[in-house]
Amino acid sequence: AIRYFEEGCAAQQAWKQFHHMCYWELMWCFAYKAMWKMAYFYADLLSKENHWSKAMYVYMKAAFLTMLPLDEPRPFGEEEVNLFSPDKSVHTIGLCPLTSRWR
């Protein structure tokens, strides 16, 4: 499955949404194989390129990072705790800054 999804991404460059679908499937393929850094890589790509569910992508990035051994360096130097920092929390949990200001 991994090979076919990678070939699908390489086959065309016009439809970015098709790439995102392949990234989503690749993320789960690598998670199934317990290849956490690769799963994290695709979750990170989706969080940067796709706007469907930022909260889901950030959550998956944190989940994949927690699966890595503690002594293993984190990809891109990112830590699980930093993914949910206060400056990102408003965007991550789906609140708009305007409404959250009135709580």
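Above this text you will find the structure in question.
Just so it is clear, the structure is predicted and the values come from calculations on it, not from any experiment.

Novice: Explain the pattern of salt bridges here, please?
Specialist: Between side chains of opposite charge, pairing is possible as soon as their charged atoms come close. Under the counting rule described, the total for this entry stands at five salt bridges. For Arg3, the salt bridge is made with Glu7, and the minimal N-O distance between the two is 3.8 Å. Here Glu7 and Arg3 lie together in helix α1 (residues 2-11), a separation of four residues that amounts to about one turn. Residues Glu49 and Lys16 are paired through a salt bridge, measuring 3.7 Å at the closest nitrogen-oxygen approach. With Glu49 in helix α3 (residues 36-49) and Lys16 in helix α2 (residues 16-32), the pair connects residues that are 33 residues apart, well separated along the chain. Given the relative accessible area of 37%, Lys16 is considered partly exposed. What emerges from the salt-bridge pattern is a single network uniting Asp44, Lys48 and Lys61.

Novice: Please explain the side chain of Asn50 as it appears in this structure.
Specialist: Locating Asn50 in the fold gives a position in the loop between α3 and α4 (54-67). Setting aside chain neighbours within four positions, we find Asn50 in contact with His20, Leu45 and Tyr57.

Novice: Explain unusual backbone geometry to me, please; I cannot follow it from the model alone.
Specialist: Not every positive phi belongs to a glycine, and Ala34 is a case in point at roughly 60°. In this structure, Ala34 sits in the loop between α2 and α3.

Novice: Teacher, can you tell me more about the packing of aromatic side chains here?
Specialist: A full pass over the atoms with the stated rule returns nine aromatic pairs. Ring geometry for Trp24 and Trp28: centres 5.8 Å apart, planes at 75°, overall edge-to-face. One end of the pair is Trp24 and the other is Trp28, both in helix α2 and four residues apart, which spans about a single turn. Classification of Trp24 by relative accessible area gives partly exposed; the value is 24%. Judged by relative accessible area, which is 34%, Trp28 ranks as partly exposed. With centroids separated by 6.4 Å and ring planes inclined at 65°, the aromatic side chains of Trp24 and Tyr57 adopt a geometry described as edge-to-face. Pair noted here: Trp24 is in helix α2 and Tyr57 is in helix α4, with a separation of 33 residues, a long-range link.

Novice: I tried to follow the packing of α3 against α4 on my own but got confused; where do I start?
Specialist: The relative placement of two packed helices comes down to the angle between their axes together with the axis-to-axis distance. One way to put it is that α3 packs onto α4 with a least axis distance of 9 Å and a crossing angle of 160°. Relative to α4, α3 is oriented roughly antiparallel. Viewed along their axes, α3 and α4 form a crossing whose handedness is left-handed. Every residue of α4 that contacts α3 at Trp36, Ala39, Tyr40, Ala43, Asp44, Leu46, Ser47 and Lys48 is listed here: Lys54, Tyr57, Met60, Lys61, Phe64, Leu65 and Met67. For the contact of α3 with α4, the class distribution of residues is ten nonpolar, one polar and four charged.

About the criteria used
- Residues numbered from 1 in each chain as written.
- Predicted model: local features only at pLDDT ≥ 70, side-chain atom pairs only at ≥ 80, totals over all residues.
- Heavy atoms only, no water.
- Salt bridge = Lys/Arg side-chain N within 4 Å of Asp/Glu carboxyl O.
- Helix = DSSP H or I, 4+ residues; strand = E, 2+ residues; numbered from the N terminus.
- Buried < 20%, exposed > 50% of the residue type's maximum accessible area, 1.4 Å probe, protein only.
- Contact = heavy atoms within 4.5 Å.
- Phe/Tyr/Trp six-rings, centres within 6.5 Å; stacked < 30°, edge-to-face > 60°.
- Axes fitted to C-alpha atoms, helices over the stretch in contact; angles between N-to-C directions.
- Parallel < 35°, antiparallel > 145°, perpendicular 65-115°, else oblique.
- Left-handed = near helix turned anticlockwise from the far one by under 90°.
- Nonpolar A, V, L, I, M, F, W, Y, C, P; charged D, E, K, R; others polar.

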